[in-house]
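Single-letter residue listing:
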Amino acid sequence: MNPQTAPAATPLATSWGTFDLTRFPADPRERLRAWDAADEYLLRHLAGEAGSAAGTPTELTGRRIAVLGDRWGALTTALAPYEPVQITDSHLGGQATRENLAGAGAAVDEARLLTTRDTPPERIDVLLVRVPKSLALLEDQLHRLAPAIHPGTVVVGTGMVTEIHTSTLQLFEKILGPTRTSLAVRKARLIFCTPDPALDPGASPWPHRYALPPDVGPASGRTVVNHAGTFCAERLDIGTRFFLAHLPTPAAGDRVVDLGCGNGVVGTAAALAGPGAELVFVDESHQAVASAEETFRTNLGPDAAAEFLAADALAPELFAPGSVDLVLNNPPFHSHQATTDATAWRMFTGSRRALKPGGELWVVGNRHLGYHVKLRKLFGNCQLVAGNPKFVVLRAVKR
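Residues numbered from 1 in each chain as written. Predicted model: local features only at pLDDT ≥ 70, side-chain atom pairs only at ≥ 80, totals over all residues. Heavy atoms only, no water.

Visitor: Any chance you could explain the packing of aromatic side chains here in plain terms?
Guide: Aromatic rings in a pair are described by how distant their centres are and how their planes are angled relative to each other. Counted under the stated rule, the structure contains five aromatic pairs. A ring pair is formed by Phe-296 and Phe-308, whose centres lie 5.8 Å apart and whose planes are at 65°; its orientation type is edge-to-face. Note that Phe-296 is positioned in helix α8 (residues 286–300) and Phe-308 in strand β14 (residues 306–310), a separation of 12 residues in sequence. On the basis of relative accessible area, Phe-308 is assigned to the buried category, the value being 16%. With a centroid separation of 5.3 Å and 90° between ring planes, the pair formed by Phe-348 and Tyr-371 is classed as edge-to-face. Of this pair, Phe-348 sits in helix α9 (residues 342–354) while Tyr-371 sits in helix α10 (residues 371–379); the two residues are 23 residues apart in sequence, bridging distant segments of the chain. The buried category is assigned to Phe-348, whose relative accessible area is 0%. Taken together, Phe-281, Phe-296 and Phe-308 form an aromatic cluster joined through their ring pairs. The lysine or arginine in question, Arg-33, covers the ring of Trp-35, its NZ or CZ lying 3.8 Å from the ring centre. (Phe/Tyr/Trp six-rings, centres within 6.5 Å; stacked < 30°, edge-to-face > 60°. Helix = DSSP H or I, 4+ residues; strand = E, 2+ residues; numbered from the N terminus. Buried < 20%, exposed > 50% of the residue type's maximum accessible area, 1.4 Å probe, protein only. Lys NZ or Arg CZ within 6 Å of the ring centre and 35° of its normal.)

Right, here's the structure in full:
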C-alpha cells in the first residue's frame, strides 16, 4: 500500500500520544492520509525508540525547535508540548496544522506558525526538515535558516526514499555541514547533518528572473520573477505558453482572478491586455504569491492595483458569490507525491460560486485529464477554445 494512501482515518501513534490527523480542507471521501512513514520514522528517532536510527531520545525540553516543510502538521502536532516553530510554504498545510493542533487539544499559538516568507527564528537548537518536492525550495530555506544554526544544533531531515537524492544531501552538506543518511525503513530515510560553523554558503540564489519568449501575446518579452519552489522556475512551461496564446481580453472594470497563479504570468498578461481590469492573484503557496506580486509589479509598475492572496482556491470568506467576472486557471493535479483531482474540483466549484451570471472560467490542462467532463457537470456547458496533442484550453460560462 502506498504510505500516503492508506485509509484517511488511520491515527499516528507516537511516544507523545496518538493523533487523528486530517488534511485541509477535510473531505470524508479523500483517501490521502495526513502523515506517512517519513513523519513516523523521524518521530520514532527523536523518541529513541527501538528499531529507529537513535539509541537514546533527542533532548527537546527547553530547546528552540524549528520544523521546516511539515506537510499537514503531523510533526508540529506530535511535538506541540515543546512549542516548535513551524515554517511552511503551504497555506493549506498551515491551516491543517491549526486544525490538527486544535483536535489534539493543544493551544494554537499563531506566533509559532510561520510561512517561508516570514522572518525566520534567530536561533534554532533542533532543526527538523521534511524534505520538500522542490529542491530549489529546500536550497532557499536552508540558506535562510543557516544564520540561526550553531555548532550544537541537531539537524535531522526526513523523506521517502523517492524524495531523497544525492542532490538533496549535497545541499545540506554545502549549506550546513557534513551529511549522512540512515537505512531505509518502510521506504523512508532520515538525513543527519552536523553543522559546520566554518562554512560560508553565501546568499540564496533565489529569486530567479527570465524573459518570456517573443510570441506569447501581450506578455511577450516581459520579465518573470520566480521565488524558490514555484512551478517551472527556470523557464516558461509549455502548458502556460499554450494558455497565453489563447487568453481572453478582459473588459475595463472586470474582476479577474488568476487562480493557482504560480509566478503570476497569466494574470500579468491579462492585465497587460486589459489595462482597466481588476486583477486578483490566488495561490496556496506563499512563494508563488510573492512571485506573482513581483512579476506583476515589475511589468505594470510598483503602484499598479491588484490583490495577492495565499488562500484555498476561491475561499467563500474572500470571494462573495457573484463577485468575479473572469477566472483563469491552470489547476495542479498532484498533492505532494500523490495524483489527485481534488484541488481542480475545488477550484472549479469555487469558480462557479464566485462568478457572476455570464462570468467565465477559462482552464488549461492536459488533454488526458478530461476536465471538460467536470466543467459540463458543473456549468452545464463547456467550449473547446483551442487544443493541441497535449493540452486543451476550455471555457465554461455561468448561466
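Visitor: Got a minute to help me understand the pattern of salt bridges in this structure?
Guide: Side chains that differ in charge, positive against negative, can pair when their charged atoms come close. Counted according to the given criterion, the structure contains 15 salt bridges. Residue Arg-130 is joined to Asp-36 by a salt bridge in which the shortest nitrogen-to-oxygen separation is 2.9 Å. Within this pair, whereas Arg-130 is found in strand β6 (residues 124–130), its partner Asp-36 is found in the loop between β2 (17–19) and α1 (37–47), the two being separated by 94 residues in sequence. Notably, a salt bridge pairs Glu-294 with Arg-209, separated by 3.4 Å at the nearest N-O pair. Placement of the pair is Glu-294 in helix α8 and Arg-209 in strand β10 (residues 208–211), with a sequence separation of 85 residues. Since its relative accessible area comes to 28%, Glu-294 is described here as partly exposed. Since its relative accessible area comes to 52%, Arg-209 is described here as exposed. What emerges from the salt-bridge pattern is a single network uniting Asp-36, Asp-39, Arg-71, Arg-130 and Glu-163. (Salt bridge = Lys/Arg side-chain N within 4 Å of Asp/Glu carboxyl O.)

Visitor: When you look at the sheet that holds β6 in this model, what are you seeing that I'm missing?
Guide: Within a beta sheet, neighbouring strands are joined by backbone hydrogen bonds and run either parallel or antiparallel to one another. Pairing within the open sheet is mixed, and its seven strands lie in the order β5-β4-β3-β6-β7-β9-β8. If you trace the sheet from one side to the other, it starts and ends with β5 (113–115) and β8 (179–181), each paired once. Sheet twist, expressed as the mean angle between neighbouring strand axes with direction ignored, is 20°. In this sheet, β6 lies alongside strand β3 (residues 65–68) in parallel orientation, the contact comprising four bridges. (Pairing = 2+ DSSP bridges. Axes fitted to C-alpha atoms, helices over the stretch in contact; angles between N-to-C directions.)

Visitor: Could you clarify how one ought to interpret the sheet that holds β14 in this entry?
Guide: The mixed open sheet is built from seven strands, whose spatial order is β14-β13-β12-β15-β18-β20-β19. Strands at the two margins of the open sheet, each flanked by one partner only, are β14 and β19 (383–387). On average, adjacent strands in this sheet sit at an angle of 15° to one another, irrespective of strand direction. Two elements, strand β12 (residues 255–259) and strand β13 (residues 278–283), share five bridges in a ladder whose sense is parallel.

Visitor: Quick question: what am I supposed to make of the nonpolar core here?
Guide: One finds Leu-212, Phe-243, Leu-244 and Leu-328 to be the most contacted residues of the largest nonpolar core, which totals 32 residues. At the level of elements, α6 (238–244), α7 (265–273), β13, α8, β15 (324–329), β18 (355–366) and β20 (391–397) are the ones that each hand at least two residues to this core. Counting residues in hydrophobic clusters, the runner-up holds 29 residues, among them Tyr-41, Leu-75, Val-126 and Met-160. (Core = buried A, V, L, I, M, F, W, Y, C linked by side-chain atoms within 4.5 Å.)

Visitor: Teacher, can you tell me more about the side chain of His-286 here?
Guide: Position of His-286 among the secondary structure elements: in helix α8. By relative accessible area, which is 17% here, His-286 ends up buried. With residues up to four places along the chain from it excluded, the contact list for His-286 reads Thr-88, Asp-89, Ser-90, His-91, Thr-115, Thr-116, Arg-117 and Ala-310. (Contact = heavy atoms within 4.5 Å.)

Visitor: Please clarify how the packing of helix α4 (residues 135–145) against helix α5 (residues 166–175) should be interpreted in this entry.
Guide: For any two helices packed against each other, the geometry is given by the interaxial angle and the distance between the axes. Viewed as axis vectors pointing N to C, α4 and α5 meet at an angle of 15°, and their least axial separation amounts to 10 Å. Viewed along their axes, α4 and α5 adopt a mutual orientation that is roughly parallel. Between α4 and α5 lies a crossing whose hand is right-handed. Contacts between α4 and α5 involve Leu-135, Leu-138, Glu-139, Leu-142 and His-143 from the former and Ser-167, Thr-168, Leu-171, Phe-172 and Ile-175 from the latter. Residue composition of the contact of α4 with α5, grouped by class: six nonpolar, three polar and one charged. (Parallel < 35°, antiparallel > 145°, perpendicular 65-115°, else oblique. Left-handed = near helix turned anticlockwise from the far one by under 90°. Nonpolar A, V, L, I, M, F, W, Y, C, P; charged D, E, K, R; others polar.)

Visitor: What's the story with α4 in this structure? I'm lost.
Guide: Side chains of residues three or four places apart in an α-helix project in the same direction, reflecting 3.6 residues per turn. A large share of α4 lies buried, amounting to nine of its 11 residues. Within the span of α4, buried status applies to Ala-136, Leu-137, Leu-138, Glu-139, Asp-140, Gln-141, Leu-142, His-143 and Leu-145. Here the buried face of α4 lies against β3, β4 (85–88), β6, β7 (149–160), α5 and α8.

Visitor: Sorry if this is basic, but what is going on with the state of the cysteines here?
Guide: Should the sulfur atoms of two cysteines be covalently bonded, the bond is a disulfide. Applying the stated criterion across every chain yields a total of zero disulfides. Cys-232 takes part in no disulfide bond, and the closest cysteine sulfur to it belongs to Cys-261, at a distance of 15 Å. We classify Cys-232 as buried; its relative accessible area is 18%. (Disulfide = S-S within 2.5 Å.)

Visitor: Can you walk me through the packing of α7 against α8 in this structure?
Guide: Where α7 contacts α8, the axes come no closer than 9 Å and their chain directions differ by 25°. For the element pair α7 / α8, the angle class is roughly parallel. Of the two possible hands of crossing, α7 and α8 adopt the one that is right-handed. Across the interface between the two elements, Thr-268, Ala-271 and Leu-272 from α7 touch Thr-295, Phe-296, Asn-299 and Leu-300 from α8. Classifying every residue of the contact of α7 with α8 by side-chain character gives four nonpolar, three polar and no charged.

Visitor: Please clarify how the side chain of Asp-283 should be interpreted in this entry.
Guide: Counting through the fold element by element, Asp-283 comes out in strand β13. In this structure, Asp-283 is buried with no salt-bridge partner, the nearest side chain bearing the opposite charge being Arg-346 at 10 Å. A polar atom in the side chain of Asp-283 sits 2.9 Å from the backbone nitrogen of Gly-262. Among all residues touching Asp-283, those that are not within four sequence positions of it are Gly-260, Cys-261, Gly-262, Ala-288, Val-289, Leu-309, Ala-310 and Ala-311. (Lys, Arg positive; Asp, Glu negative; His and termini not counted. Polar contact = N/O pair within 3.5 Å; in protein donor to acceptor, adjacent residues only side chain to side chain.)

Bear in mind that shape data such as this cannot, by itself, settle questions of function.
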